[in-house]
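Below, each chain spelled out in residue letters.
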Amino acid sequence: LLGYWLGNGSIRRPELCSGSYKGDMDFSFVSSQILKAGYFESRSVFFDRGSSNHRLGQDFEVDLFFESVWDRKHIPSKYLRASIDQRISLLRGLMDSDGYYGENNHVEFCSMTKELADNVIELVRTLGERPTLTSGRATLNGEDYGEKYRIKWRPSLFNPFSLPRKAKNFIPPEAQALRLRHR
């Protein structure tokens with residue numbers, strides 16, 4: 001949930017946006033993840049264009065404050081040193097919100113926050129992957145919104161997505177498929 005908030009959360013509110021792609025399915029998935037993490041939604045809104053906002057209770061706001069991410073989106077160092085399962089879960093939240101599955105089994109994460117991009121690079125490397133970082137301009141309808149940072153890699157050890165519409169597109173490399181069968 002922290003990873004998802006870092007990608008699609010409001011920096012000064014305990015609020016998440018579940019995107020505009022097949023919103024009803026994403027909405028349900030994000031709602032289930034909120035409950036699974038032990039939080040509740042004080043309000044949720046589903047918009048005509050397919051996106052939705054999930055407003056979480058004050059307990060989530062307090063947790064964001066105590067994790068020092070309120071007002072500054074970054075991955076606290078204790079999360080970069082957590083167990084492998086916890087780091088994979090954090091990465092999946094980030095990828096479910098701001099990640100993309102591309103050609104040739106490459107995935108990418110995009111952020112306009114340099115510190116968060118640097119943290120994601122470190123997180124992915126701690127999981128045995130080899131990401132690269134590039135930067136460019138973020139534009140929409142010809143308007144420049146500033147610098148953006150893209151982390152790209154070809155996952156070899158695990159599916160970096162948990163959101164069903166993204167996870168189903170991931171095809172594990174042959175070597176990964178063999179490792180997964182022997183677990």
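Since this is a predicted model, take the numbers as computed values, not measurements.

## Structural notes on the overall build of the protein
Stage number 1. Each helix and strand in the protein was counted, giving eight helices and seven strands.
Stage number 2. Taking all contacts inside the protein whose residues are at least 6 apart in sequence as the whole, residues at least 24 apart take part in 58%.
Stage number 3. Element-wise, carbon and sulfur atoms account for 50% of the exposed surface of the protein, whose accessible area totals about 10,400 Å².

## Describing unusual backbone geometry
Stage number 1. Positive phi values are uncommon outside glycine, yet Ser68 reaches one of about 65°.
Stage number 2. Along the chain, Ser68 turns up in the loop between α3 (58-66) and α4 (77-80).
Stage number 3. Overall, the relative accessible area of 44% leaves Ser68 in the partly exposed class.

## Focus: the packing of helix α5 (residues 84-98) against helix α6 (residues 114-126)
Stage number 1. Two elements in contact, α5 and α6, have axes whose closest approach is 10 Å; the angle formed by their N-to-C orientations is 135°. On the basis of the axis angle, α5 is oblique to α6. Regarding α5 and α6, the two cross each other, and that crossing is left-handed. Along its contact with α5, which presents Arg87, Leu90, Leu91 and Leu94, the element α6 presents Leu116, Val120, Leu123, Val124 and Thr126.
Stage number 2. Residues of the contact of α5 with α6, tallied by class, amount to seven nonpolar, one polar and one charged.

## Considerations on the confidence of the model for the protein
Stage number 1. The share of residues in the protein with pLDDT of 70 or more is 86%, and the mean pLDDT across the chain is 85.
Stage number 2. Within the protein, no element has a lower average pLDDT than helix α8 (residues 174-181), which sits at 53, and none a higher one than α6, at 97.

## Here we look at α5
Stage number 1. Taking 1.5 Å of rise per residue, 15 residues should cover 21 Å, and α5 covers 21 Å from first to last C-alpha, within 8% of that figure.
Stage number 2. Every buried residue belonging to α5 is among Arg87, Ile88, Leu90, Leu91, Gly93, Leu94, Met95, Asp96 and Ser97, and all of these are buried.

## So, the nonpolar core
Stage number 1. Ranked by size, the top nonpolar core spans 37 residues in total, and within it Trp5, Leu6, Ile75, Leu91, Leu94 and Val120 carry the most contacts.
Stage number 2. Every element with two or more residues in this core is listed here: α1 (2-8), α2 (23-36), α3, α5, β5 (107-111), α6 and β7 (143-153).
Stage number 3. Broken down by element, the residue count for this core peaks at six residues, all from α6.
Stage number 4. Discounting chain neighbours no more than four positions away, the residues touching Val120 are Ile75, Leu91, Leu94, Phe109 and Ile151.

Rules of the game
- Residue indices begin from 1 for each chain and proceed along its sequence in written order.
- Totals for whole chains, interfaces and linings use all residues, but because this is a predicted model, local features are given only for residues with pLDDT of at least 70 and pairs of side-chain atoms are given and counted only at 80 or more.
- Neither water nor hydrogens contribute to the side-chain values; these are computed over all heavy atoms in the structure.
- The secondary structure listing takes helices from DSSP runs of H or I that are at least 4 residues long and strands from runs of E that are at least 2 residues long, numbered from the N terminus.
- Contacts: residue pairs with any heavy atoms within 4.5 Å of one another.
- Surface accessibility in these figures is a Shrake-Rupley result with a 1.4 Å probe; residues are shielded only by whichever protein chains are displayed.
- When a residue's accessible area, from a 1.4 Å probe over protein chains only, is under 20% of the maximum for its type it is buried; when over 50% it is exposed; and in between it is partly exposed.
- Interaxial angle, 0 to 180 degrees, is taken between N-to-C directions of lines fitted to C-alpha atoms, where a helix line uses only the stretch in contact.
- Each angle is binned into one of four classes, with values under 35 degrees roughly parallel, values over 145 roughly antiparallel, values of 65 to 115 roughly perpendicular, and all other values oblique.
- Helix crossings get a hand from a simple test, with the near helix turned counterclockwise from the far one by less than a right angle marking a left-handed crossing and a clockwise turn marking a right-handed one.
- Note that Gly is not counted as nonpolar here; it falls among the polar residues with everything else outside the nonpolar set of Ala, Val, Leu, Ile, Met, Phe, Trp, Tyr, Cys and Pro and the charged set of Asp, Glu, Lys and Arg.
- Every residue carries a pLDDT, the predictor's confidence in it, which falls somewhere between 0 and 100.
- For a helix, the expected span equals 1.5 Å multiplied by the number of residues minus one.
- By convention a nonpolar core is built from buried Ala, Val, Leu, Ile, Met, Phe, Trp, Tyr and Cys residues, the set being connected through side-chain atoms within 4.5 Å.

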